Amino acid sequence: MKFQSLLLVGALVSLNLAAEEAKENPVTETGMVKITWQDVDSYRDVKAVGDIQSRYELRVFETLTKNLNKSAEKMLKPNQKLELVVTDVDLAGDVRPTFGATPNDIRVVKDIYPPRMTFSYQVLDGEQVVIAGDEKLRDMSFMHTTGVMNDKPLRHESKMLNDWLKKTVQPKL
């Protein structure tokens, strides 16, 4: 009986220690852009729909980094680098349950659920900081932009970041 109690206590302690372990912040880097995704579990909405949560998060982070890098390459000098520390993400739309109609939840994209992102950034020229700041982005008109229809993943969030880069960072360079 004592041995079973010790095993139970040991199992509970190890579960508690595993839960308390600090989860490492993912970092994605492509070309001139490096993004640290800080405290991902507290993000407003990066919910997976029909996928494993960790795999979905990684795909979202890599896609946003790659898309931002495409714009950054056109603006930044070859020796410059854009670094972001993202503290909150709210993807366009809202995840809704299907109540058994399908095996997965669905993401409903309406103009009342705009994409949002909070982060700090810096543009480095070698080791020297050229520009730095904090941003809270929200694109309230994401459903009303004109242009070519596209069905690329994370198009609303990528456009919001690209617009920020053109309006905020490029003029200061």
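The structure reproduced in this document is the subject of the present report. (Residues numbered from 1 in each chain as written. Predicted model: local features only at pLDDT ≥ 70, side-chain atom pairs only at ≥ 80, totals over all residues. Heavy atoms only, no water.)

**Examining the pattern of salt bridges**
Two side chains bearing opposite charge may form a pair once their charged atoms approach each other closely. By the definition in use, this model includes eight salt bridges. Between Arg55 and Asp51 there is a salt bridge whose closest N-O contact spans 3.0 Å. A relative accessible area of 48% means that Arg55 is categorised as partly exposed. (Salt bridge = Lys/Arg side-chain N within 4 Å of Asp/Glu carboxyl O. Buried < 20%, exposed > 50% of the residue type's maximum accessible area, 1.4 Å probe, protein only.)

**Some details on the environment of Gln128**
With respect to the secondary-structure elements, Gln128 resides in strand 7 (residues 128-138). It is 9.4 Å that separates the C-alpha atoms of Gln128 and Gln80, two residues lying 48 residues apart in sequence. (Helix = DSSP H or I, 4+ residues; strand = E, 2+ residues; numbered from the N terminus.)

**Things to note about the packing of aromatic side chains**
Counting across every chain of the model gives five aromatic pairs. On the basis of an interplanar angle of 65 degrees and a centroid distance of 6.4 Å, the ring pair of Phe119 and Tyr121 is categorised as edge-to-face. Both residues of the pair, Phe119 and Tyr121, count as buried. Ring geometry for Tyr121 and Trp164: centres 4.9 Å apart, planes at 80 degrees, overall edge-to-face. Of this pair, Tyr121 sits in strand 6 (residues 116-125) while Trp164 sits in helix 3 (residues 155-169), and the two are 43 residues apart along the sequence. Judged by its relative accessible area of 5%, Tyr121 falls in the buried class. Taking relative accessible area as the criterion, Trp164 reaches 4% and is therefore assigned buried. (Phe/Tyr/Trp six-rings, centres within 6.5 Å; stacked < 30°, edge-to-face > 60°.)

**Some points on the packing of helix 2 (residues 53-75) against helix 3**
Running from amino to carboxyl end, helix 2 crosses helix 3 at an angle of 25 degrees, the nearest separation of the two axes being 9 Å. Relative to helix 3, the element helix 2 lies roughly parallel. Between helix 2 and helix 3 lies a crossing whose hand is right-handed. Across the interface between the two elements, Leu64, Asn67, Leu68, Ser71, Ala72 and Met75 from helix 2 touch Glu157, Ser158, Leu161, Asn162, Leu165 and Lys166 from helix 3. Grouping the amino acids of the contact of helix 2 with helix 3 by side-chain chemistry returns six nonpolar, four polar and two charged. (Axes fitted to C-alpha atoms, helices over the stretch in contact; angles between N-to-C directions. Parallel < 35°, antiparallel > 145°, perpendicular 65-115°, else oblique. Left-handed = near helix turned anticlockwise from the far one by under 90°. Contact = heavy atoms within 4.5 Å. Nonpolar A, V, L, I, M, F, W, Y, C, P; charged D, E, K, R; others polar.)

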